[in-house]
Amino acid sequence: MKLKEFNRKTEAQRQELVSFLQKLDEIVPEEMPQLVAEEDAAMWAETDCLSCANCCKKMTPTFTPEDVNRIAAHLSMTAEAFRKKWLYKEKGAAGDWMNKSIPCQFLGSDNKCNIYEVRPEDCAAFPHHHKQPFDNYNDTFTQNLSYCPATYNLVQRLKKRVEKEYEW
Ligand code: SF4
Ligand code: SF4
């Protein structure tokens, strides 16, 4: 899905998918892990992240201390110099380290990550569809519906499947 088309579609259909995820907080089909695995595999078969990179363009990953040490070493910098140059500490209890710059400074013009082999764990795990149980992460998916075509398409597929196969 082209990003322009994605933005238009999410605008129109986001609320329907948010309502589905909210309902999924209360009613979880027993076969949910299997449903997610099947629909996720089908969704990835028709999704190309390199033609998208919207997560790197519109969001910031969180950087753990291990991420900072690994990436700074890869760039021959100290962790302190790396944080000073690229990151800020989010206010609040979690106090996560986030990118100052959006799009991400490591995103190449070809939509590839310039530090792919040492990228933050958060980037490697995004969009977190494998997390278990799936419905525990509904808040994350609700937020990502606006940014990630993969999450948008997965939730849309799950909604269709659940509404067709279950009393809902
Ligand atoms: S993970 Fe989602 S937002 Fe990121 S590139 Fe892939 S489809 Fe796009
Ligand atoms: S570090 Fe790489 S994968 Fe992570 S947001 Fe930046 S460009 Fe994207």
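Residues numbered from 1 in each chain as written. Chains lettered and ligands numbered in written order. Predicted model: local features only at pLDDT ≥ 70, side-chain atom pairs only at ≥ 80, totals over all residues.

Quick word on the overall build of the protein
Helix and strand counts for the protein stand at eight helices and three strands. Of the regular secondary structure in the protein, the N- to C-terminal order runs α-α-α-β-α-α-β-β-α-α-α. Structurally, the protein occupies a C-alpha span of about 55 × 35 × 25 Å along its principal axes. Here the protein holds 168 residues, and the buried ones make up 25% of them. (Helix = DSSP H or I, 4+ residues; strand = E, 2+ residues; numbered from the N terminus. Buried ≥ 20, exposed ≤ 12 C-beta atoms within 10 Å, placed from the backbone.)

So, the site of ligand 1
Around ligand 1 sit Thr-47, Cys-49, Cys-52, Ala-53, Asn-54, Cys-55, Phe-126, Pro-127, Tyr-147, Cys-148, Pro-149 and Ala-150, and that is every residue in its neighbourhood. Listing elements by their share of the shell around ligand 1, those giving two or more residues are α3 (54-58) and α8 (149-165). Grouping the constituent residues of the shell around ligand 1 by class yields ten nonpolar, two polar and no charged. (Near = placed C-beta within 6 Å. Nonpolar A, V, L, I, M, F, W, Y, C, P; charged D, E, K, R; others polar.)

Details of helix α1 (residues 3-24)
Taking 1.5 Å per residue, 22 residues should reach 32 Å; α1 reaches only 27 Å between its end C-alpha atoms and comes up short. Considering bend angle alone, the principal kink of α1 is centred on Gln-13 and spans about 55°. Turning to α1, its buried residues are Leu-17, Leu-21 and Leu-24. (Expected span 1.5 Å × (residues − 1). Bend = angle between axes of the 7 residues up to and from the residue.)

A look at the site of ligand 2
Around ligand 2 sit Cys-56, Pro-61, Cys-104, Phe-106, Leu-107, Cys-113, Ile-115, Arg-119, Pro-120 and Cys-123, and that is every residue in its neighbourhood. Of the residues that constitute the shell around ligand 2, the class distribution is nine nonpolar, no polar and one charged.

A word on the environment of Glu-121
Position of Glu-121 among the secondary structure elements: in helix α6 (residues 121-125). Glu-121 gets classed as partly exposed once you count the C-beta atoms within 10 Å, which come to 14. Measuring from C-alpha to C-alpha, the distance between Glu-121 and Thr-62 comes to 8.4 Å, with 59 residues separating the pair along the chain. Leave out the neighbours within four places in its chain, and Glu-121 touches Thr-64 and Asp-67. (Contact = placed C-beta atoms within 7 Å.)

Concerning the domain arrangement of the protein
Looking at the assigned domains, one finds that the protein contains domain 1 (3-53 + 127-165) and domain 2 (62-125). Taken over C-alpha atoms, the centre of domain 1 sits 26 Å from the centre of domain 2. (Domains from an automatic or database assignment.)

What to know about the sheet that holds strand β1 (residues 62-63)
Spatially, three strands are ordered β1-β3-β2 in an open sheet, and the strand pairing comes out antiparallel. Pairing within the sheet leaves two strands with one partner each, and these edge strands are β1 and β2 (87-89). (Pairing = 2+ DSSP bridges.)

A word on helix α4 (residues 65-74)
When α4 is considered as a whole, its buried residues turn out to be Asp-67, Val-68 and Ala-72. Projected down its long axis, α4 carries its buried residues within an arc of 115°, all on one side. Here the buried face of α4 lies against β1, α5 (79-86), β3 (97-99) and α6. Ser-76 sits one or two positions beyond α4 and adopts a positive phi of about 55°. (Arc of directions from axis to C-beta.)

Side note on the packing of α4 against α5
Angle between the axes and distance between the axes are the two parameters that describe a pair of packed helices. Where α4 contacts α5, the axes come no closer than 8 Å and their chain directions differ by 95°. By the criterion of interaxial angle, the relationship of α4 to α5 is roughly perpendicular. Taking contact as the criterion, the partners of Val-68, Asn-69, Ile-71 and Ala-72 in α4 are, on α5, Ala-79, Phe-82 and Arg-83. (Axes fitted to C-alpha atoms, helices over the stretch in contact; angles between N-to-C directions. Parallel < 35°, antiparallel > 145°, perpendicular 65-115°, else oblique.)

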